Amino acid sequence: MNPTATDRSAIERMLRVHLEGRGIRDPRVLHAMATVPRDQFVPSEMRAHAWDDAPLPIGQGQTISQPYIVALMTELAEIEPGDRVLEVGTGCGYQTAVLLQLTPHVYTIEVRPELAEQARRRLEPLGLPPDHLRVGDGSRGWPEHAPFDAILVTAAPRTVPQPLLEQLTPGGRLVIPVGDEFSGQQLLRIRKDQEGGFATESIIPVRFVPLIPEKQTD
Ligand code: SAH
């Protein structure tokens, strides 16, 4: 948790060049990004690249998202202290750790048991209660803990899963990459209004690993 001088200058560069330089403005998001030790979430042989603005492999064909995308999705989710947040696709747990800096009420679902176990070991010391992480298909959301003020999805489905829309509070935000390798993916922010209607904003083109569809996870 105590960054070396080299880490500190790498963190500083990430903040100034890759995050502020590309438009991330929310001071709480920048502080969260500066606080979570990204080098602890990547395989040891990747540590030297931990602060680069690039996705990195975390095993099982999965990746840790690049810092800019983690910061952008967090900013788009507009998380207030005390908000209830669901993350779909825990992976190594880095995005989860960033969310935990903003609110203690974070829930996260990972479909691959081995990744979930590794993430659990990293996240419990950072304050994630054991029963806030589960193995399963996140496209069904987590009805027992719904509704959520924000839902972040870090793998791309072809279409927006209906249960996630249903599990938003009025005013809630769903931040999700949608599309496939042929048509491309767009990062969307979908806001639920007080009457239960939805407003969708298309943010930027992105490249996430595919969300494993429901039928393949049973
Ligand atoms: N949030 C991570 C990114 C992980 S990559 C980060 O901070 O870097 C996306 C993750 O989504 C992978 O670990 C993959 O196993 C998981 N995933 C894919 N389909 C899923 C599904 N249907 N439900 C839950 N997790 C899923």
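Here, the structure is the one placed above.
This write-up is about the structure you can find in this document. (Residues numbered from 1 in each chain as written. Predicted model: local features only at pLDDT ≥ 70, side-chain atom pairs only at ≥ 80, totals over all residues. Heavy atoms only, no water.)

1. Structural notes on the overall build of the chain
On a plain count of helices and strands, the chain comes out with seven helices and nine strands. With respect to the three principal axes, the spread of C-alpha positions in the chain is 50 × 40 × 35 Å. Taken across its 218 residues, the chain has 50% of its residues classed as buried. Across the chain, the fraction of contacts at a sequence separation of at least 24, relative to all contacts at a separation of at least 6, is 50%. If you sum the accessible surface of the chain, you get close to 10200 Å²; carbon and sulfur atoms cover 52% of it. (Helix = DSSP H or I, 4+ residues; strand = E, 2+ residues; numbered from the N terminus. Buried < 20%, exposed > 50% of the residue type's maximum accessible area, 1.4 Å probe, protein only. Contact = heavy atoms within 4.5 Å. Areas by Shrake-Rupley, 256 points an atom, 1.4 Å probe, with all protein chains shown as cover.)

2. Focus on the environment of Gln 60
Take Gln 60: it is sitting in the loop between strand E1 (56–59) and strand E2 (62–64). A sequence separation of 23 residues divides Gln 60 from Asp 83, and the C-alpha atoms of the two residues are 32 Å apart. Once you skip the residues sitting within four places of it in the chain, Gln 60 turns out to touch Arg 112 and Glu 114. A polar side-chain atom of Gln 60 sits 3.1 Å from a polar atom in the side chain of Glu 114. (Polar contact = N/O pair within 3.5 Å; in protein donor to acceptor, adjacent residues only side chain to side chain.)

3. Thoughts on the packing of aromatic side chains
Counted according to the given criterion, the structure contains three aromatic pairs. Between Phe 41 and Tyr 94 the ring centres are 5.8 Å apart and the planes differ by 65 degrees, which places this aromatic pair in the edge-to-face class. In this pair, Phe 41 sits in the loop between helix H2 (27–35) and E1 while Tyr 94 sits in helix H4 (residues 94–100), placing the two residues 53 residues apart along the sequence. Using a relative accessible area of 2% as the deciding quantity, one classes Phe 41 as buried. For the ring pair Tyr 107 and Trp 142, a centre distance of 5.6 Å and an interplane angle of 80 degrees mean the geometry is edge-to-face. Residue Tyr 107 is located in strand E4 (residues 105–110), and its partner Trp 142 is located in the loop between strand E5 (133–135) and strand E6 (148–153); the two are separated by 35 residues in the primary sequence. Ring-pair connections join several aromatic residues into one group, and the members of that group are Tyr 107, Trp 142 and Phe 148. The ring of Tyr 68 has Arg 22 sitting right over it, with the charged end atom 3.8 Å from the ring centre. Lying across the ring of Trp 142, Arg 134 places its NZ or CZ 5.1 Å from the centre. (Phe/Tyr/Trp six-rings, centres within 6.5 Å; stacked < 30°, edge-to-face > 60°. Lys NZ or Arg CZ within 6 Å of the ring centre and 35° of its normal.)

4. Some details on the side chain of Asp 137
Examined against the element boundaries, Asp 137 turns out to sit in the loop between E5 and E6. Polar contacts involving the side chain of Asp 137 include one to the side chain of Ser 139, which spans 2.8 Å.

5. Points about the nonpolar core
Residues Leu 19, Ile 24, Met 33, Phe 41, Ile 64, Tyr 94 and Leu 123 are the most contacted members of the largest nonpolar core, which totals 49 residues. Looking at this core, the elements that each hand over two or more residues are helix H1 (5–19), H2, E1, helix H3 (67–76), H4, helix H5 (113–123) and E6. Per element, the largest residue contribution to this core is seven residues, and it comes from H3. Residues Tyr 107, Trp 142, Leu 168 and Leu 174 belong to the second largest nonpolar core, which totals 18 residues. (Core = buried A, V, L, I, M, F, W, Y, C linked by side-chain atoms within 4.5 Å.)

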